[in-house]
Amino acid sequence: MDTYFAPATRTQTHKLKKQIDDVIDNPIMDALLKTAAGLLVVLNEDRQIVAMNHTFIDVLGIKNAQDALGLRLGESLGCIHAFQGPGGCGTTEYCVSCGAAIATMSAQDGQTSEQICALVSDRDGTTSDRCLRVKAEPIEFENSRWILFYAQDITQQQFWVNLDRIFFHDINNTLTALYGNVQLLELSDPDNEKIEPIRKEVERLINEVAIQKKFSRHKDATYTPAKSAICLNDIKQELGRIISGHKASSQKRIFEDWPKENVMLETDPLLLSRLLGNMVINALEATQKGGAIRVIVTATRETVSWNVWNKTIIPKPIQKRIFQRYFSSKSGDSRGLGTYSMKLFGETYLKGKISFQSTLDQGTTFTYRLPRQKHGSL
């Protein structure tokens, strides 16, 4: 197999050179390249660059425009996956879910397409995340077919938007669980007059968060983990409070297996409970009513590991990008944030390691492994 998605065939060198000259000499294309707002590239039928505007060169840090001619988009942008297969950009396993590749293939079929492209680029050994809003449009002139590829760099915009949404996503999970528990308490003890004021306060907090979300402004802030010694049993109880009242747990079973020993950790309990809550809630959301998930916790002298299983498989193209910033397989602006936040909190701040396995016969298991304090006891 020479490709997983787009055709691998490239234009012969002599024909490519003529195409480049034809586009440069065409007054309409020349005017378009000079006047178009944003980033613009002209591709031939084999998705190779035959012309680009100065904005594309400057914004994306292309050092030599001549060297970029004849390349495909991912190759010119330094995409880390562009050279992982012999066919190059558009032909690897990662290209199946690439917004730029999808838009370009749609244009080859005569359809205008807009997509979001989440790109990890490598420039001189330095990798960076980049997010592009792209549009590919087919065009014909002088008996030749071309693709006009527009791009807008929205990396910084998406970074702040997503960081904002991650925290609101987690806060809403906590509030949903809290409100669900208050409602259950009211049903079990309807004559208790102390419950109603609590419910009203929770409702007020939910409303205030909703208002704050609407008017939130992005600010450059950092988070320093507030580490403290905590018993694993306390983590278990906190996780139980997060998920017991959550709507995702309705009509679903959770089988848990935790160590019986007094296991101590030194970590940030808030971030850890958020991470574990997302792992469990994601598994519940992927499980049909009447189904079950499993939470298995193991401890050694060096680490504690949480394994959360559900039987639903993650499609292979999505597996390739499950933790990637800006990428989401779900519709809507506030969806698909849980896995990235797990990576951010679990590895960047808590210095643990998160991973997953998903196969047809074994289902999906997310694993978070966290180092223990040096002198903790089993």
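Residues numbered from 1 in each chain as written. Predicted model: local features only at pLDDT ≥ 70, side-chain atom pairs only at ≥ 80, totals over all residues. Heavy atoms only, no water.

**Topic: the overall build of the chain**
Then, in step 1: Each helix and strand counted, the chain has 12 helices and 12 strands in total.
Then, in step 2: Projected onto its principal axes, the C-alpha positions of the chain cover 80 × 45 × 40 Å.
Then, in step 3: In the chain, once contacts between residues fewer than 6 apart in sequence are set aside, the share between residues at least 24 apart is 65%.
Then, in step 4: Summing over all exposed atoms, the chain offers an accessible surface of approximately 20700 Å²; the carbon and sulfur share of this is 51%. (Helix = DSSP H or I, 4+ residues; strand = E, 2+ residues; numbered from the N terminus. Contact = heavy atoms within 4.5 Å. Areas by Shrake-Rupley, 256 points an atom, 1.4 Å probe, with all protein chains shown as cover.)

**A few points about the sheet that holds strand β10 (residues 303-310)**
Then, in step 1: Strands sit in the order β7-β9-β10-β12-β11 across an open sheet of five strands; the sheet is mixed. Where the open sheet ends on each side, the last strands, each with one partner, are β7 (253-257) and β11 (353-359). Pairwise comparison of adjacent strand axes, ignoring direction, gives a mean angle of 15° for this sheet.
Then, in step 2: As paired strands, β11 and strand β12 (residues 363-371) are joined by seven bridges and run antiparallel to one another. Across the sheet, residue S358 finds its bridge partner in β12, namely T364. (Pairing = 2+ DSSP bridges. Axes fitted to C-alpha atoms, helices over the stretch in contact; angles between N-to-C directions.)

**Describing the pattern of salt bridges**
Then, in step 1: Across all of its chains, the model carries 14 salt bridges by this definition.
Then, in step 2: Salt-bridge contacts for E140 lead to R145; the nearest nitrogen and oxygen are separated by 3.9 Å.
Then, in step 3: Under the relative-accessibility criterion, R145 is labelled partly exposed at 35%.
Then, in step 4: A salt bridge links R199 to E186, with the shortest nitrogen-to-oxygen separation between them at 2.8 Å. (Salt bridge = Lys/Arg side-chain N within 4 Å of Asp/Glu carboxyl O. Buried < 20%, exposed > 50% of the residue type's maximum accessible area, 1.4 Å probe, protein only.)

**Focus: unusual backbone geometry**
Then, in step 1: With a phi angle near 65°, R47 is a residue other than glycine that sits in the positive phi range.
Then, in step 2: Mapped onto the fold, R47 is located in the loop between β1 (39-43) and β2 (49-52).
Then, in step 3: Despite not being glycine, Q251 shows a phi value in the positive range, around 60°.
Then, in step 4: Among the residues examined, Q251 registers a relative accessible area of 55% and is labelled exposed.

**With respect to the packing of helix α9 (residues 232-244) against helix α10 (residues 269-285)**
Each pair of packed helices gets described by two things: the angle between the helix axes and the distance between those axes.
Then, in step 1: At their nearest, the axes of α9 and α10 sit 9 Å apart, and the two run at 50° to each other. Taken together, the axes of α9 and α10 lie oblique to each other. Seen along the crossing, α9 lies across α10 with a hand that is right-handed. Across the interface between the two elements, I235, E238, L239, I242 and I243 of α9 pack against L272, S273, L276, G277, V280 and I281 of α10.
Then, in step 2: Taken together, the residues that form the contact of α9 with α10 break down as eight nonpolar, two polar and one charged. (Parallel < 35°, antiparallel > 145°, perpendicular 65-115°, else oblique. Left-handed = near helix turned anticlockwise from the far one by under 90°. Nonpolar A, V, L, I, M, F, W, Y, C, P; charged D, E, K, R; others polar.)

**Notes on the environment of E142**
Then, in step 1: With respect to the helices and strands, E142 occurs in the loop between β4 (126-141) and β5 (144-153).
Then, in step 2: A relative accessible area of 56% places E142 in the exposed class.
Then, in step 3: Along the backbone, E142 and N26 are 116 residues apart, and their C-alpha atoms lie at a distance of 9.7 Å.

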